[in-house]
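What follows is each chain in one-letter form.
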Amino acid sequence: MKKGILFSSLYWKISATLLLLLIVIGCAYIFITADTVQVYFQEKNQRLNAELAAHVVQEVKPTYQNGQVDEASMDKIMHSMMAINPSIEVYLLDTSGNILNYVAPYKKVKLEKVTLDPVLTFLETEGQQFIKGDDPRNPGIQKEFSAAPILEEEKLIGYVYVVLASEEYDMAAKELIGDYIMRLGGKTMLVTLVTTLLTGLLIFWFITRYLNQIIAVVKRFKEGHLDERIPVKSSGELKELAITFNEMAQEILSNIEKIKTTENLRRELVANVSHDLRTPLSIIHGYVETMLMKADSISPEQRSQYLQTILKSTERLKKLVGDLFELSKLEAKEVKPKKEPFFITELVQDVSQKHRLLAEEKNVTIVPVADQNIPMVNADISLIERVLQNLMDNAIKFSKDGGIVTIETHNFGNNVEVKVTDTGRGIPQEDIPLVFNRYFNLTKSTSGQPEDDELSKTSVGLGLAIVKKILEIHDATIHLTSQLNKGSAFSFRLPVYKI
């Protein structure tokens, strides 16, 4: 109901605005038309009577006696002009424009002098240019006129100045023109107003109808119908609005799916972390409790064994917490690599040496392999060391007794490739894309059957996830190839340092 009221209000507001605009335009049209028609009639009147003053001079030439106009000649002019056209006014001017005599209704003349510039322009253009001159009966008013020079023995002695529309004629003409304009303009305005208004209302109805559909879709989307989309069947701004909303809705839907996926991963991570934290804590708690309960009967050898087990559990717990902290900083993009040139072969040798003791404990052999003249690389040495440590830890962890871990360094164009290969049980092909996820579990043997040894219950943990994140901030990629019962190979490339 509110939606209908909204659109009804919007529709009628637009319609009222259109109506008001049309009325203003119609009034302006009438005003402009009236002024144009009046000018047209004035110009037509002057053009048709341009020779009137010349005819006056030719037919009834005014005479001067001692600088004064002959009254008899003026009376002759008056009778002739009034008989021909009672709407005109005739004035005799001297060469300076002073009014010497005139023939005008009611003798109501207020000016003593007429500006000669319009008269001279009229004579120069022979009446072909529309121009107005002074109205002696109405100072400040300009009217159409006719003019002609008066020559005595080819000497200019004055002008005949004929106002073509007397005051009485002008008033009558204005009334007639006004009435004509009102009738013509009223009809034109009415037809235009009705036609434009109906057309505008129809257009507005189509526009608001589509806008109504847009609002309805937006409301349904807001109410939780996330699959709602606006049908794109218009053009211009509304089409762009529909397309933009549909793209936004799709992006929102995609983000919601990502949030759901992230939430599922978060829950899985919490569960895995809780499990891994609970295991060493349970061990620590159990041995400490045992030592307290058997404080008087426990032998020194057993005490030492218990303490060694507690120490290993605390180290495992410490490593897990450290990995979680490191991964969280990498995922939050708080770690920025401090790149510098260094020899990767030296770092490989150093990491291999640090892992020899752990490898010997598991009867695993570490074999470094390097090309000649390996150049320096440009990377963060501490972060790359962390990558190598995690890869070596996993390689040794998942290698069986008598296995071999090979760490290779090769020239590869403008890059140096580092590869860590083990001879462990390998990874099923369907699991390869998942091993870099947090807490991917390897809980089955190569035959697919559960095992009871410690290896079968060990998860990949956070090591490979940390490796992937570190290489990502170096614009590098970790690659994995693996075959069941033959082992796995992890490789990445770093850019050569250029001086």
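Everything below is about the structure printed above this text.
Source: prediction; values computed, not measured. (Residues numbered from 1 in each chain as written. Predicted model: local features only at pLDDT ≥ 70, side-chain atom pairs only at ≥ 80, totals over all residues. Heavy atoms only, no water.)

J.: I tried to follow the sheet that holds strand β9 (residues 365–370) on my own but got confused; where do I start?
T.: The strands making up a sheet associate through hydrogen bonds between their backbones, and the pairing can be parallel or antiparallel. Taking strand neighbours across the sheet as the criterion, the five strands line up as β9-β11-β12-β14-β13 in an open arrangement whose pairing is mixed. Strands with a single pairing partner mark the edges of an open sheet, and in this sheet they are β9 and β13 (479–483). On average, each strand axis in the sheet is tilted by 15° relative to the strand beside it, whichever way the strands run. As paired strands, strand β12 (residues 415–422) and strand β14 (residues 487–495) are joined by seven bridges and run antiparallel to one another. Note on β14: the bridge partner recorded for Glu417 is Arg493. (Pairing = 2+ DSSP bridges. Helix = DSSP H or I, 4+ residues; strand = E, 2+ residues; numbered from the N terminus. Axes fitted to C-alpha atoms, helices over the stretch in contact; angles between N-to-C directions.)

J.: Just checking my understanding: could you explain a nonpolar patch on the surface for this structure?
T.: There is a patch of nonpolar side chains on the surface, built from Leu190, Val194 and Leu198 and spanning about 290 Å² of accessible area. As for its placement among the helices and strands, Leu198 is situated in helix α5 (residues 167–222). A residue is classified by how much of its surface remains accessible, and Leu198, at 56% relative accessible area, is exposed. (Patch = residues over 30% accessible without salt bridge, like charges linked within 9 Å, V, L, I, M, F, W, Y side chains within 5 Å. Areas by Shrake-Rupley, 256 points an atom, 1.4 Å probe, with all protein chains shown as cover. Salt bridge = Lys/Arg side-chain N within 4 Å of Asp/Glu carboxyl O. Buried < 20%, exposed > 50% of the residue type's maximum accessible area, 1.4 Å probe, protein only.)

J.: Got a minute to help me understand the pattern of salt bridges in this structure?
T.: Pairing is possible between side chains of opposite charge, provided their charged atoms come close. Evaluation of the coordinates by the stated rule reveals eight salt bridges. Residue Arg137 pairs with Glu89 through a salt bridge whose shortest N-O separation is 2.8 Å. Highlighted residues: Arg137 in the loop between β5 (132–134) and β6 (142–152) and Glu89 in strand β3 (residues 89–93), separated in sequence by 48 residues. The burial state of Arg137 is the same as that of Glu89; both residues are buried. What you see here is one network of salt bridges that share partners, running through Asp350, Lys354 and Glu385.

J.: Whenever I open this one, the sheet that holds β6 confuses me. Can you help?
T.: Strand order across the open sheet formed by five strands is β4-β3-β7-β6-β5, with antiparallel pairing between neighbours. Two strands bound the open sheet, and with one partner strand each, they are β4 (99–103) and β5. Put simply, the sheet's adjacent strands are angled 35° from each other on average, direction ignored. Two strands pair when backbone bridges link them, and β5 and β6 are joined in this way by three bridges, in the antiparallel orientation. The residue bridging Gly133 from the neighbouring strand is Lys143, located in β6. In this fold helix α4 (residues 116–124) packs onto β3, β5, β6 and β7 (155–163), with an angle of close to 75° to the strand it touches most, β6. (Contact = heavy atoms within 4.5 Å.)

J.: I keep staring at the nonpolar core and nothing clicks. Help me out?
T.: Generally speaking, nonpolar side chains in soluble globular proteins are found buried as a group. In terms of nonpolar packing, the biggest core is built from 46 residues, with Ile344, Ile384, Leu388, Leu391, Leu471, Ile478 and Phe492 touching the most fellow members. Looking at which element gives the most residues to this core, the answer is helix α9 (residues 381–397), with eight residues. Beyond its immediate sequence surroundings of up to four residues, Phe492 is in contact with Val387, Leu388, Leu391, Val416, Glu417, Val418, Leu471, Thr477 and Ile478. Judged by nonpolar contacts, the second largest core, of 15 residues, contains Leu116, Phe122, Phe145 and Val163. (Core = buried A, V, L, I, M, F, W, Y, C linked by side-chain atoms within 4.5 Å.)

J.: Explain the pairing of β12 here, please?
T.: Sheet faces and side chains relate simply in a regular strand, where the side chains alternate between the two faces. Pairing of strand β11 (residues 404–412) with β12 involves eight bridges; the strand directions are antiparallel. If you follow Glu408 over to β12, its bridge partner there is Lys419. If you look at the hairpin formed by β11 and β12, you'll find two residues sitting between the two strands, and Gly413 has a positive phi there, around 65°.

J.: What exactly am I supposed to notice about helix α8 (residues 344–361) here?
T.: What sets the pattern is the α-helix's 3.6 residues per turn: residues three or four places apart point alike. In this model α8 runs 26 Å from its N-terminal to its C-terminal C-alpha over 18 residues, within 8% of the 26 Å that 1.5 Å per residue would give. The set of residues buried in α8 consists of Ile344, Leu347, Val348, Val351, Ser352, His355 and Ala359. (Expected span 1.5 Å × (residues − 1).)

By themselves these figures say nothing about function.
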